[in-house]
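Tertiary structure, described
Below are the chains, spelled out letter by letter.
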Amino acid sequence: QGQLVESGGGLVQAGGSLRLSCAASGNIKSINAMGWYRQAPGKQRELVATINSGGTTNYGDSVKGRFTISRDNAKNTVYLQMNSLKPEDTAVYYCNADLIVVRLGGQRRAIDWGQGTQVTVSS
């Protein structure tokens, strides 16, 4: 299976910016789509943004116009540029990938998740 490692989380003031990165590694044959989800205490996990192999993006309503997702296919890496951050954006952000992995000569589709990176926005 693949492995996803997030980085770039931290503490920022409201109105500030932060850039998250997620790199996929392992026996990966291809990646169909990658994305970001987040979960705040007491709330359900929600979609932040996704990007597919063709470059089509999708954003959650709460982040439209403020966040931008991008992808570097050569590096199997997805980024999330977060601008105009609000305290409501405080959450653990999880990287997600829909990919094809290779194992013992076979292959299968897998949905992998990173361990998450904390983003805290102070008022």
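Check the entry above for the structure.
Residues numbered from 1 in each chain as written. Predicted model: local features only at pLDDT ≥ 70, side-chain atom pairs only at ≥ 80, totals over all residues. Heavy atoms only, no water.

**Focus on the state of the cysteines**
The final tally for this structure, using the stated rule, is one disulfide. For Cys-22, the disulfide goes to Cys-95, at an S-S distance of 2.0 Å. Around the S-S axis, the bridge from Cys-22 to Cys-95 shows a dihedral of about -85° and counts as left-handed. Separated by 73 residues along the polypeptide, Cys-22 in strand S3 (residues 18-26) and Cys-95 in strand S9 (residues 91-103) bring together distant segments of the chain. Owing to a relative accessible area of 0%, Cys-22 belongs among the buried residues under this scheme. (Disulfide = S-S within 2.5 Å. Helix = DSSP H or I, 4+ residues; strand = E, 2+ residues; numbered from the N terminus. Buried < 20%, exposed > 50% of the residue type's maximum accessible area, 1.4 Å probe, protein only.)

**What to know about the nonpolar core**
Grouped together as the largest cluster of nonpolar side chains are 31 residues, with contacts concentrated most on Met-34, Trp-36, Leu-80, Met-82 and Tyr-93. Among the secondary structure elements, those contributing two or more residues to this core are S3, strand S4 (28-39), strand S5 (46-52), strand S7 (67-72), strand S8 (77-82), S9 and strand S11 (117-122). With six residues, the top contributor of residues to this core is S9. Discounting chain neighbours no more than four positions away, the residues touching Tyr-93 are Glu-6, Leu-20, Trp-36, Tyr-37, Arg-38, Val-48, Phe-67, Leu-80, Met-82, Gly-116, Thr-117 and Val-119. (Core = buried A, V, L, I, M, F, W, Y, C linked by side-chain atoms within 4.5 Å. Contact = heavy atoms within 4.5 Å.)

It is worth stressing that arrangement in space is one thing and function is another; only the former is reported here.
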